[in-house]
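# Results of the structural survey
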Amino acid sequence: MGYDKGRHVATIDVSPRNERREHLSALDVGVRAHPELAGGLVERRGVSWVSVVRYGGPRRRVEIGCDFRDGGWWFCWASDGRAIAPASDVTGTLDAVAGELVRSA
């Protein structure tokens, strides 16, 4: 019995699902839509995060990661791992990031 494409098409060249990357991609979209923020999704050596700056204050940036904690995905500060908000709360995360960048300006 061969492995013809008709029968096994769903198992060929399918990328594994990566929830961390999905949440970071959603945050990246939110950053790009936010009127005060700019940034992008960065990946280095298999590790992904979102790097964010504030318009008018680009000397300081923050990096946001996503970790699985206590049974759910959370956005966190990459610098020290502190939780920001559940990954389902992109708006709350953006508010916290914008506030942090304003305070540190």
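In what follows, the structure referred to is the one given above.
Here is a short report on the structure shown in this document.

What counts and what doesn't
- Residues numbered from 1 in each chain as written.
- Predicted model: local features only at pLDDT ≥ 70, side-chain atom pairs only at ≥ 80, totals over all residues.
- Heavy atoms only, no water.
- Helix = DSSP H or I, 4+ residues; strand = E, 2+ residues; numbered from the N terminus.
- Pairing = 2+ DSSP bridges.
- Salt bridge = Lys/Arg side-chain N within 4 Å of Asp/Glu carboxyl O.
- Buried < 20%, exposed > 50% of the residue type's maximum accessible area, 1.4 Å probe, protein only.
- Contact = heavy atoms within 4.5 Å.
- Phe/Tyr/Trp six-rings, centres within 6.5 Å; stacked < 30°, edge-to-face > 60°.

## Regarding unusual backbone geometry
The phi dihedral of Arg45 falls on the positive side, at around 55°, and the residue is not glycine. By secondary structure assignment, the location of Arg45 is in the loop between strand 1 (37–44) and strand 2 (47–54).

## Side note on the pairing of strand 5 (residues 83–86)
As paired strands, strand 4 (residues 72–77) and strand 5 are joined by 3 bridges and run antiparallel to one another. Paired with Trp74 across the bridge in strand 5 is Pro86. Linking strand 4 back to strand 5 in an antiparallel pair, the connection comprises 5 residues, with Gly81 at a positive phi of about 80°.

## Some remarks on the pattern of salt bridges
Any two side chains of opposite charge can pair, given that their charged atoms come close. Counted by the stated rule, this structure contains 8 salt bridges. Across the pair Arg61 and Glu63 runs a salt bridge whose closest N-O atoms are separated by 3.2 Å. Under the relative-accessibility criterion, Arg61 is labelled exposed at 51%. Owing to a relative accessible area of 26%, Glu63 belongs among the partly exposed residues under this scheme.

## Regarding the environment of Arg82
As for its placement among the helices and strands, Arg82 is situated in the loop between strand 4 and strand 5. According to the relative accessible area criterion, Arg82 is partly exposed, its value standing at 47%. A C-alpha to C-alpha distance of 9.9 Å links Arg82 and Gly65, two positions 17 residues apart in sequence. If we skip the residues at most four places from it in the chain, Arg82 touches Arg69, Phe75, Cys76 and Trp77.

## A short note on the packing of aromatic side chains
For the structure on display, the rule yields 1 aromatic pair. When the centroid spacing of 5.3 Å and the interplanar angle of 70° are considered together, the rings of Phe68 and Trp73 count as edge-to-face. Taking the relative accessible area as the measure of exposure, Trp73 reaches 19% and is therefore buried.

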